[in-house]
Amino acid sequence: MRTRRRQHRLRPPARSRRGSVLASAHVDRKLAGHIAKAAGAPVLVLDFRRAPEHKYPAQVDDAEAAFDWLLSEGYEPGNIITIGHSIGGFIAVALALRLRDKKQPLPGAIVSISPWCDLEIANETIATNAGTDKILSKELLEFFRDAWIDGTGIEFTDTRINLNRADLSGLPPTLVSWGTYEVLAGEDEQFAARVKDAGIDTATVVVPGGQHSYVYGAGRVPEADAAIAQIGAWVREKTKI
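As the structure is a computational prediction, the values presented were derived from the model and not from experiment.

Visitor: What is the right way to look at the overall build of the protein in this model?
Guide: The helix and strand tally for the protein stands at 8 helices and 4 strands. If you list the helices and strands of the protein from N to C, you get α-α-α-β-α-β-α-α-β-α-β-α. Here the protein, with 241 residues, has 54% of them falling under the buried criterion. Sequence-distant contacts in the protein: of pairs separated by 6 or more residues, those separated by 24 or more amount to 79%. Accessible surface, the protein as shown: approximately 10,200 Å² in total, 51% of it carbon and sulfur.

The structure is reproduced here in structure tokens:
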């Protein structure tokens with residue numbers, strides 16, 4: 001059985017809890033199913049610990065534990081795709097960066113959807129998209145930031161939690177996706193450019209008029225379904241077995 005399982009593509013360990021505070025694996029099961037179907041792969045939806053009870057790095061620790069469990073079950077690291085949205089989009093990348101720094105095997109690819117990349121909360125679209133983003137606001141991001149790292153001694157610019165200041169070299173192929181109505185659109189676009197500039201095999205899926213974590217519209221919003229189809233095709237291409 002283990003030999004057969006090694007042949008499967010799996011897309012797990014990072015999912016979203018908005019700002020590390022809200023939602024759960026149960027909330028994400030439906031959208032995860034849509035993405036898994038598009039990718040033609042089974043999925044593990046991780047119910048990582050939430051803030052403020054569990055601050056950084058608890059969420060990345062949980063993702064690493066899930067990745068290690070998959071390896072113990074016989075999955076090849078190159079057949080595992082880390083994917084997440086919102087703070088899960090951050091975790092999908094942060095896990096790979098941690099594994100890289102430990103010189104351990106990396107996942108085969110990363111899909112980062114609407115990632116929270118910059119805890120300085122200073123990109124211009126925080127203000128210019130304030131009227132179009134119906135999910136996030138600067139005030140809500142500040143609340144999430146305090147819940148996640150307040151009291152940890154970690155600065156907003158720390159490369160462990162700020163992807164737009166981190167060294168992104170050595171990452172596996174990475175797809176970054178966001179909606180143009182998001183307050184995070186500017187920092188997500190910057191992150192995608194930084195990944196490309198680091199010499200990484202990079203793809204982007206930009207959803208015109210898309211809200212933060214637009215994937216919640218899976219099965220109901222045509223634009224979300226079209227983006228998920230693109231993501232699924234990319235995952236299949238990057239994990240050929």
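Picking up after the structure, the text goes on.
Visitor: Can you help me understand the environment of glutamate 187 in this one?
Guide: With respect to the secondary-structure elements, glutamate 187 resides in helix α7 (residues 185-197). A C-alpha to C-alpha distance of 6.6 Å links glutamate 187 and aspartate 118, two positions 69 residues apart in sequence. With residues near it in sequence (within four places) discarded, glutamate 187 still touches Pro115, Trp116, Cys117, Asp118, Asn123, Thr125, Ile126 and Asn164.

Visitor: I keep staring at the packing of aromatic side chains and nothing clicks. Help me out?
Guide: Evaluation of the coordinates by the stated rule reveals 4 aromatic pairs. On the basis of an interplanar angle of 90° and a centroid distance of 5.7 Å, the ring pair of tyrosine 56 and tryptophan 148 is categorised as edge-to-face. With tyrosine 56 in the loop between α2 (25-39) and α3 (58-72) and tryptophan 148 in helix α6 (residues 138-149), this pair connects stretches of sequence that are 92 residues apart. For tryptophan 148, a relative accessible area of 0% puts it in the buried group. Cation over ring: arginine 145 sits above phenylalanine 156, and NZ or CZ is 3.7 Å from the ring centre.

Visitor: How should the sheet that holds strand β4 (residues 202-207) be read in this particular structure?
Guide: Backbone hydrogen bonds are what pair the strands of a sheet, in a parallel or an antiparallel way. Read from one edge of the open sheet, 4 strands run β1-β2-β3-β4, paired in parallel fashion. Single-partner strands in this sheet number two, and they are β1 (81-85) and β4. Sheet twist, expressed as the average angle between the axes of neighbouring strands with direction ignored, equals 10°. Against the sheet, α7 contacts β2 (109-113), β3 (174-179) and β4, and its axis sits at roughly 165° relative to β3. Its contacts with the sheet put helix α8 (residues 222-238) on β1, β2, β3 and β4, and the angle it makes with β2 is roughly 165°.

Visitor: Sorry, what's going on with the nonpolar core here?
Guide: Taken as a class, soluble globular proteins show a tendency for nonpolar side chains to be buried jointly. Within the largest apolar cluster, 48 residues are counted, with the highest numbers of intra-cluster contacts made by Phe90, Trp116, Leu141, Trp148, Leu171 and Phe191. Mapped onto this core, the elements with two or more residues apiece are α3, α4 (87-101), α6, β3 and α7. A total of 10 residues in this core trace back to one element, the largest contributor, which is α4. Those residues in contact with leucine 171, other than ones at most four positions away along the chain, are Val93, Ala96, Leu97, Ile110 and Ile200. Within the second largest apolar cluster, 23 residues are counted, among which are Ile81, Ala203, Ala218 and Ala227.

Visitor: Mind showing me how you'd approach the pattern of salt bridges here?
Guide: Where charged atoms of side chains with opposite charge meet at close range, the side chains can pair. Taken as a whole, this structure holds 10 salt bridges when the rule is applied. Of the charged contacts, one joins arginine 98 and glutamate 64 as a salt bridge, the two residues approaching to 2.7 Å between their closest N and O atoms. Taken together, the residues span a long stretch of sequence, with arginine 98 in helix α4 and glutamate 64 in helix α3 at a distance of 34 residues. Classification of arginine 98 as buried rests on a relative accessible area of 18%.

Visitor: Would you explain the pairing of β1 in this entry?
Guide: Taking burial as the measure, the 5 residues of β1 include 5 buried ones, the bulk of the element. Residues of β1 alternate between two faces, with Ile81, Ile83 and His85 on one and Thr82 and Gly84 on the opposite face, all of them buried. Across 5 bridges, β1 lies against β2 in parallel orientation. When the sheet's bridge partners are listed, threonine 82 is paired in β2 with isoleucine 110.

Visitor: Help me out: how do you make sense of the packing of α3 against α4 in this one?
Guide: At a closest axis distance of 9 Å, the pairing of α3 and α4 adopts a crossing angle of 70°. Taken together, α3 and α4 sit at an angle that is classed as roughly perpendicular. Regarding α3 and α4, the two cross each other, and that crossing is right-handed. Where α3 approaches α4, its residues Gln59, Val60, Asp61, Ala63, Glu64 and Phe67 are matched on the opposing element by Phe90, Ile91, Ala94, Leu95, Arg98 and Leu99. Of the residues that constitute the contact of α3 with α4, the class distribution is 8 nonpolar, 1 polar and 3 charged.

Visitor: Is there a simple way to explain unusual backbone geometry in this structure?
Guide: It is generally the case that most residues other than glycine have a negative phi and that most peptide bonds are trans. Alanine 51 connects to proline 52 through a cis peptide bond whose omega is 5°. With respect to the helices, strands and loops of the structure, proline 52 is situated in the loop between α2 and α3. For the peptide bond that leads from tyrosine 56 to proline 57, omega is 15°, which places it in the cis range. Tracing the chain through its elements places proline 57 in the loop between α2 and α3. A positive phi angle, near 50°, is found at serine 114, a position not held by glycine. Residue placement: serine 114 occurs in the loop between β2 and α5 (125-128).

Analysis parameters
Residues numbered from 1 in each chain as written. Predicted model: local features only at pLDDT ≥ 70, side-chain atom pairs only at ≥ 80, totals over all residues. Heavy atoms only, no water. Helix = DSSP H or I, 4+ residues; strand = E, 2+ residues; numbered from the N terminus. Buried < 20%, exposed > 50% of the residue type's maximum accessible area, 1.4 Å probe, protein only. Contact = heavy atoms within 4.5 Å. Areas by Shrake-Rupley, 256 points an atom, 1.4 Å probe, with all protein chains shown as cover. Phe/Tyr/Trp six-rings, centres within 6.5 Å; stacked < 30°, edge-to-face > 60°. Lys NZ or Arg CZ within 6 Å of the ring centre and 35° of its normal. Pairing = 2+ DSSP bridges. Axes fitted to C-alpha atoms, helices over the stretch in contact; angles between N-to-C directions. Core = buried A, V, L, I, M, F, W, Y, C linked by side-chain atoms within 4.5 Å. Salt bridge = Lys/Arg side-chain N within 4 Å of Asp/Glu carboxyl O. Parallel < 35°, antiparallel > 145°, perpendicular 65-115°, else oblique. Left-handed = near helix turned anticlockwise from the far one by under 90°. Nonpolar A, V, L, I, M, F, W, Y, C, P; charged D, E, K, R; others polar.

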